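# Working through the structure, step by step
Here is how the chains run, residue by residue.
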Amino acid sequence: MLYKYRNDYEKIAMGLLSLIPDLQEVDHLQTELRVYTADNNHILYLWKNQPSHDFVGLLGIEVGKDFVLVRHISLSPSDRSVKNIYRMLDDLESLYPHKNIMGSIKLTSVITRWRQYHARTEDYHGINTNA
């Protein structure tokens, strides 16, 4: 389940953001966190896996008129899996059902594989009638 960032989540958010290779420098990490707290179009969500009561993941997004751009995805090492990434994206899609979810250049392939996974699952269960 996704929870919108609040100031009392700062240490958790910084810890999860620091797991992203491009954000390991403290200055860059703090700058990125400021973007999410200062700009209404940039939103940071923390994610709790259902069996856990702890935050184990993070999504950083930019919201446009017709789209949601996923800028950052981070999961704690013990929870890092494709299955959990897809769960996070599913939760995001349920928050923004009428917007196109896209990925940054680095995350485009993740979003593409997530969409393909759902297309295969829908075809398998006979849900997709366009095929």
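Residues numbered from 1 in each chain as written. Predicted model: local features only at pLDDT ≥ 70, side-chain atom pairs only at ≥ 80, totals over all residues. Heavy atoms only, no water.

The name given to the chain in an unreviewed UniProt entry is N-acetyltransferase, with Candidatus Paralactobacillus gallistercoris as the source organism.

### Things to note about helix 2 (residues 26-38)
Counted only if it meets this: Helix numbering and strand numbering both begin at the N terminus, where a helix is a DSSP run of H or I of at least 4 residues and a strand a DSSP run of E of at least 2. Between the first and last residue of a helix there are one fewer steps than residues, each counted as 1.5 Å, and that sum is the expected span. Each residue is assigned to one of three classes by its accessible area relative to the maximum for its type, calculated with a 1.4 Å probe on protein chains only: buried under 20%, partly exposed between the two thresholds, exposed over 50%. As used here, the arc is the angular range of directions from the helix axis to the C-beta atoms. Two residues form a contact once any of their heavy atoms are found within 4.5 Å.
For helix 2, which comprises 13 residues, the first-to-last C-alpha distance of 18 Å matches the rise-based estimate of 18 Å (1.5 Å per residue) to within 8%. Of the positions making up helix 2, those classed as buried are L29, E32, L33 and Y36. Taken end-on, helix 2 shows its buried residues confined to a sector of 100°, consistent with a single buried face. Relative to its buried face, helix 2 has exposed residues pointing more than 90 degrees away, namely D27 and A38. Where helix 2 is buried, its residues meet helix 1 (10-17), strand 2 (42-48), strand 3 (55-63) and strand 4 (67-75).

### Observations concerning helix 1
Inspection of helix 1 places A13, M14, L16 and L17 among the buried residues, and these make up the whole buried set. Looking straight down helix 1, one finds that the buried residues subtend no more than 165° of arc, so they occupy a single side. In this structure, the buried side of helix 1 is in contact with helix 2, strand 2, strand 3 and strand 4.

### Here we look at the nonpolar core
The cut-off we apply is this: What makes a nonpolar core is a set of buried Ala, Val, Leu, Ile, Met, Phe, Trp, Tyr and Cys residues whose side-chain atoms join them at distances within 4.5 Å.
Core analysis: the largest hydrophobic core is formed by 23 residues, its most contacted members being I61, V70, I73, L89 and L92. At the level of secondary structure, the elements contributing two or more residues to this core comprise strand 2, strand 3, strand 4, helix 3 (82-95) and helix 4 (108-124). With five residues, the top contributor of residues to this core is helix 3. Leave out the neighbours within four places in its chain, and V70 touches L59, G60, I61, L89, L92, I101, M102, G103, S104, L107 and I111. Judged by nonpolar contacts, the second largest core, of 15 residues, contains Y5, I20, L23 and L44.

### Observations regarding the pairing of strand 5 (residues 100-103)
When a strand is regular, its side chains alternate between the sheet's two faces. To keep it simple, the criterion reads: For two strands to pair, DSSP has to find at least two bridges joining them. Seen with its strands pointing away from the viewer, a crossover is right-handed if its path from the first strand over the helix to the second goes clockwise.
Here strand 5 shows a clear split, with I101 and G103 buried on one side and none of N100 and M102 buried on the other. Bridging between strand 4 and strand 5 involves four bridges; their strand directions are parallel. Pairing of V70 across the sheet is with G103, part of strand 5. Each parallel crossover has a hand, and the one from strand 4 via helix 3 to strand 5 is right-handed.

### With respect to the sheet that holds strand 5
The condition is simple: Between the N-to-C directions of two axes lies an angle of 0 to 180 degrees, each axis being a line fitted to C-alpha atoms and, for a helix, fitted only over the stretch in contact.
The five strands lie next to each other as 1-2-3-4-5, forming an open sheet whose pairing is mixed. This sheet does not close on itself; its edge strands, each paired only once, are strand 1 (2-4) and strand 5. Geometrically, the sheet is characterised by an average inter-axis angle of 35° between neighbouring strands, direction not taken into account. Inspection of the sheet shows strand 1 paired to strand 2 by three bridges, in the antiparallel sense. Across the sheet, residue K4 finds its bridge partner in strand 2, namely Y45. The sheet strands contacting helix 3 are strand 1, strand 2, strand 3, strand 4 and strand 5, and the helix crosses strand 4 at an angle near 150°.

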